[in-house]
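Okay, here's what each chain looks like letter by letter:
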Amino acid sequence: MMKQGEEMIRAEHLTFTYDDGSDKIDLPPAVTDISFTVHAGEYVAILGHNGSGKSTLAKLCNMILTPTGGKLFIEGRDVTDENFTEDDMYDLRRDVGMVFQNPDNQLVATVVEEDVAFGPENLGVPSEEIRRRVDEALDIVGMREYARHAPHKLSGGQKQRVAIAGVLAMKPKMILFDESTSMLDPLGRHDVVELMEKLNREENITVLHITHYMEEAARADRVIVMNDGRIAADGTPREVFCDADRLHALGLEAPQGAELLHELRTAGWQIPEGALTEEECAAALLEFLSKDNSHE
């Protein structure tokens, strides 16, 4: 496991353009001249409207896609170097797991524990170690009691937990969650986001969480906002979400509480800026009302 603060990902002027298979159409880059660094142990949320390039960026970081320009370093290794081999990529992919939007696309077996064991088996892990990893992964995601169940009979949130367990069993250093909560109900989303936080804070796994839910992103340590293939903002959730006008210009909104306070300030209410969480927003509104302020 990497030490906290070590460089996990570094992108230098990273660019990627999809190939439509013909020479007749010059497609615009999906990712353009991006530079950023993610350190081991960080929990980073990536936001952006549809087509902003956030999912393409995730696939580049997972090495599903190969950059068409710039440099990309994973664990200090330059994956864009001409001497970087398929074996090198295979080794790194073991360290970078990915959980997709639809868990059904990631489940391959008819029994939960067999599904979780699939990855380690393909890595050639000894049977006793696979058994230990499967039990440990199911314990971490809270699905041990469902080990002998059929995945297709589980709820959406439970399926996503099994998919995450399958990634955990491969002992990754980083997990990319590509809109992994978008197909879940509110309870399922809440449970999976709490699991992401647990993996980051208790298991020291670096987390990149691509989402279009502002409330989820607000719980991260850092937020990167993508727009038209470029990084439009990069900072703490408070730094990013307290600039509501800038978010609106990018086609996004702040979390509901912060958005409400912004609208009230726009309407003339003298409510101080800086509140982000639901609790902070409620406290700011109560403090304003307790002072018997009135709209001018």
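As a starting point, this report considers the structure included with it.

Rules and cut-offs
Residues numbered from 1 in each chain as written. Predicted model: local features only at pLDDT ≥ 70, side-chain atom pairs only at ≥ 80, totals over all residues. Heavy atoms only, no water. Helix = DSSP H or I, 4+ residues; strand = E, 2+ residues; numbered from the N terminus. Salt bridge = Lys/Arg side-chain N within 4 Å of Asp/Glu carboxyl O. Buried < 20%, exposed > 50% of the residue type's maximum accessible area, 1.4 Å probe, protein only. Pairing = 2+ DSSP bridges. Axes fitted to C-alpha atoms, helices over the stretch in contact; angles between N-to-C directions.

1. Points about the environment of histidine 39
Residue position: histidine 39 is located in strand S2 (residues 31–39). Spatially, the C-alpha atoms of histidine 39 and glutamate 194 are 21 Å apart, while their sequence positions differ by 155 residues.

2. Side note on the pattern of salt bridges
Side-chain pairing between opposite charges can occur once the charged atoms of the two side chains come close. One pass over the structure, following the stated rule, counts 24 salt bridges. The partner of arginine 144 in a salt bridge is aspartate 135, and the shortest N-O contact between them spans 3.6 Å. Judged by relative accessible area, which is 18%, aspartate 135 ranks as buried. Between arginine 201 and glutamate 197 there is a salt bridge whose closest N-O contact spans 3.8 Å. Of the two residues, arginine 201 and glutamate 197 are both situated in helix H6 (residues 186–202); the distance of 4 residues between them amounts to about one turn of the helix. For arginine 201, a relative accessible area of 48% corresponds to the partly exposed category. One network of salt bridges, with partners in common, ties together Glu113, Arg131, Asp135, Asp139, Arg144 and Arg148.

3. Here's the deal with the sheet that holds strand S8 (residues 206–210)
Pairing in this open sheet of 6 strands is mixed, and the strands run S6-S7-S8-S3-S9-S10 from one edge to the other. At either end of the open sheet lies a strand with only one pairing partner, and these are strand S6 (96–99) and strand S10 (230–235). Going across the sheet, the axis of each strand differs from the next one's by a mean of 20°, ignoring polarity. Relative to strand S7 (residues 174–178), S6 runs parallel, the two being bridged by 4 bridges. Residue valine 96 lies in a different strand from S7, and its bridge partner there is methionine 174.

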